[in-house]
Amino acid sequence: MSDSVFPVPAEVAARAHVDNAKYLEMYERSVEDPDGFWGEHGKRVDWIKPYSKVKNTSYDYHNVSIKWFEDGTLNVAANCVDRHLEKRGDQPAIIWEGDDPGEHKVITYNELSREVNRFANVLHGQGVKKGDRVTIYMPMIPEAAYAMLACARIGAVHSIVFGGFSPDSLAQRIDGCKSDCIVTADEGLRGGRKVPLKANVDRAAEKAPVKSVIVVRRTGGDISMQDGRDVWYHEEAARVSDQCEPVEMNAEDPLFILYTSGSTGQPKGVLHTTGGYLVYASMTHEYVFDYHEGDVYWCTADVGWVTGHSYIVYGPLANGATTLMFEGVPTYPGPGRFWEVCDKHNVNIFYTAPTAIRALMGAGDDHVTKTSRKSLRLLGSVGEPINPEAWTWYHNVVGEGRCPIVDTWWQTETGGILITPLPGATALKPGSATRPFFGVQPAIVDAEGKFQEGATEGNLVIKDSWPGQMRTVYGDHERFVQTYFATYKGLYFTGDGCRRDDDGYYWITGRVDDVINVSGHRMGTAEVESALVAHPKVSEAAVVGYPHDIKGQGIYAYVTLMEGEEPTDELKKELVRHVRAEIGPIASPDLIQFSPGLPKTRSGKIMRRILRKIAEDSFDNLGDTSTLADPAVVDDLIDNRQNRG
Ligand code: PRX
């Protein structure tokens, strides 16, 4: 926590879309008259048939239903591409920066239009129709964006799987949404290393068979193509026209599914729909980043995560912006890469995650100060709480004290940013996401669901719907209701803990459920546990998060081995490899403790509170351990703890 306050710089306020008075006025209207407010702002996108209804939502536990602009029709790709052609056909839509600093490409809106239409026709050629699910497993190349927009153009529903997920995770997600078509590349390229995307698809398809695989050539690496199933994108694209009519979609038709981790079971397919999502993504992009015509905007996320969906592709392109897409990693070829790219392409708005900021901070200021960064005007942060030290470094060293930082809090489920400063309106406090966006009504409740007033701390809930909210868990509406609306009836439960200060500013403190946030990536502890127990030498596993200097949280695994198995360092390495193969590298345990027993209640429930404390290396105050079946287990766990700060 930090007490510093950074007022809005005068020149920022002068240029911004809204100042504080305007924010307060618009916010008040947005919550008092949501129909009027969103009825007006919904017009920021082009509708084929205008809506006559605006908000029709219910958080009633027995009847959770969320609809926005429900009788309107539109097409997302037409909004992100076609409508800009007349005015800015020759303006860059996407600036693509390759992994190798010698490689970049500029794609104008005219070019984007032809590419998206061609991709749409290729999908058609593979038999993809409106409503079909298409799995996209791609590196960060422009074709990933073309594929997304091509799906939107023909009314297919994309489900993007991050390229770092394993074949098993990919298979689970293909199967989860019953998709028949996969778009992938031969290989990805990250930090000079190749990622075997097509080979992973081949292995996934053994478990989850598909009818067609469209392969984009990226590296030219050696891959195998299966006759009758696999096609090269460039060969198909050469055969089709670059014209394709956009399909008229209802506002509530699905746009995409994105799998995300929860506290229990398998990842959930978060479903977002067409109209409300686009209105919300584009409006937040414009106001939160104070986007103005001509700005070059860069979000460093991957399109495999929601940030890439809303703030690399849909929000910026709906606004006719120039969006930069980066194939590589922050530290390749060196830790100055981000700032070199900012100079190379004159980036004005830069949006990244705290984990990247912390890693670069550790590499030293020289890598930053040797670059100019004079084009930068605004900085953003997303994905996890930003610690005041990292905030201050980002502000002082990267932004030279002149660029406001928008610390944006949101989730895969929310579709867009919910709590955030607006650069021209909000005085900043390092580490606080500050105040709600228009239409968003946060509240803090205690464990019983009682509203806490004033300066307080508790669980973060949202009292009413906003247009970008997820509509359901794909194929499992009951799971949607149980996950988000059952804990506190009548409220959307975020899963986050939160503090509110005397100024009404919100400070997100992190997850309060069994979800951990590793380098800004969400991970269910249950998923890592089930990967560990799938190993033949493991009898039982419990996974918790612990504070990690760079990643925010690290993965700490307590593992009980099968009778007679030796607890060796070699076995630890084998278990790490095993989890990477089961889920993907992002789930690699950072610390593994072999423990002959786990602390359990007499009814057999693992007491995670104790495991968390020991993993945090703060076990003086473990609370009541008298209900444990075998209290001696705890001493052994403490003696052999792996995180000794
Ligand atoms: O715990 C919060 C954290 O990330 C979670 C959502 O993760 P995901 O769905 O993967 O989406 C990440 C990108 C939007 C939240 O429940 N989180 C996200 N942004 C912040 C944050 N925690 C603190 N401050 C933030 N700005």
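Just so it is clear, the model here is predicted, and its values are computed rather than measured.

The positions that UniProt labels "domain: AMP-dependent synthetase/ligase" (unreviewed entry) are, in the present scheme, residues 82-465. Taken end to end, residues 82-465 is 33% helix and 23% strand, and its two terminal C-alpha atoms sit 30 Å from one another.

Let's shift gears to the sheet that holds strand 14 (residues 254-260). One open sheet accounts for eight strands, arranged 12-11-8-6-7-14-15-23; its pairing is mixed. On the outer flanks of this sheet lie strand 12 (230-232) and strand 23 (472-473), each paired with one strand and no other. Sheet topology note: the strand 14/strand 15 (residues 268-273) ladder contains six bridges and is antiparallel. Looking across to strand 15, one finds that F256 is bridged to H272. Sheet strands touched by helix 8 (residues 197-207): strand 6 (133-137), strand 8 (181-185), strand 11 (212-216) and strand 12. Its angle to strand 8, the strand with the most contacts, is close to 155 degrees.

Residues in contact with the ligand amount to 16 residues; listed here are only the nearest, D407, T408, T412, D496 and R522. In this structure, E384 approaches the ligand through a main-chain N or O atom, which is 3.3 Å from a nitrogen atom. Residue T412 places a side-chain N or O atom 2.6 Å away from an oxygen atom belonging to the ligand. Burial of the ligand by the protein amounts to 96% of the accessible area it has alone, namely 540 Å².

So, on to the domain arrangement of the protein. Here the protein is partitioned into domain 1 (10-499) and domain 2 (519-640). In this structure, domain 1 and domain 2 have C-alpha centres spaced 33 Å apart. Of the roughly 1500 Å² buried between domain 1 and domain 2, counting both surfaces, carbon and sulfur atoms make up 46%. It is S261, T355 and R358 in domain 1 that bury the most area against domain 2; as a group they hold 30% of the surface buried on that side.

A separate point is the pattern of salt bridges. A full pass over the atoms with the stated rule returns 40 salt bridges. Of the charged contacts in the structure, one is a salt bridge between D590 and K551, with a shortest N-O distance of 2.5 Å. Of the two residues, D590 sits in the loop between helix 18 (569-582) and strand 30 (591-594) while K551 sits in the loop between strand 28 (538-548) and strand 29 (552-561), which places them 39 residues apart along the sequence. Relative accessible area serves as the criterion here: at 26%, D590 is assigned to the partly exposed category. Salt bridges sharing common partners tie together K198, D202, R229 and D230.

Okay, the packing of aromatic side chains next. Inspection of every chain in the model, using the stated rule, returns 42 aromatic pairs. Through a chain of ring-to-ring contacts, the aromatic side chains of Y23, Y27, F37, W38, W47, Y51, W68, F69, Y280, Y287, F437 and F438 assemble into a single cluster. Over the ring of W232 we find R217; its NZ or CZ atom is 4.9 Å from the centre of that ring.

Right, let's get into the UniProt feature "domain: Acetyl-coenzyme A synthetase N-terminal" (unreviewed entry) in the protein. Those places that UniProt annotates as "domain: Acetyl-coenzyme A synthetase N-terminal" (unreviewed entry) correspond, in this numbering, to residues 23-80. Secondary structure over residues 23-80 splits into 40% helix and 17% strand, and the C-alpha atoms at its two ends are 27 Å apart.

Among the structural elements, E529 can be located in helix 17 (residues 525-533). Judged by its relative accessible area of 12%, E529 falls in the buried class. The contact partners of E529, leaving out residues within four places of it in the chain, are A541, A542, V543 and R608.

What counts, and at which threshold
Residues numbered from 1 in each chain as written. Predicted model: local features only at pLDDT ≥ 70, side-chain atom pairs only at ≥ 80, totals over all residues. Heavy atoms only, no water. UniProt positions renumbered as here; feature names shortened; annotations may be inferred. Helix = DSSP H or I, 4+ residues; strand = E, 2+ residues; numbered from the N terminus. Pairing = 2+ DSSP bridges. Contact = heavy atoms within 4.5 Å. Axes fitted to C-alpha atoms, helices over the stretch in contact; angles between N-to-C directions. Near = heavy atom within 4 Å. Polar contact = N/O pair within 3.5 Å; in protein donor to acceptor, adjacent residues only side chain to side chain. Areas by Shrake-Rupley, 256 points an atom, 1.4 Å probe, with all protein chains shown as cover. Domains from an automatic or database assignment. Buried area = accessible area lost by both parts, 1.4 Å probe. Salt bridge = Lys/Arg side-chain N within 4 Å of Asp/Glu carboxyl O. Buried < 20%, exposed > 50% of the residue type's maximum accessible area, 1.4 Å probe, protein only. Phe/Tyr/Trp six-rings, centres within 6.5 Å; stacked < 30°, edge-to-face > 60°. Lys NZ or Arg CZ within 6 Å of the ring centre and 35° of its normal.

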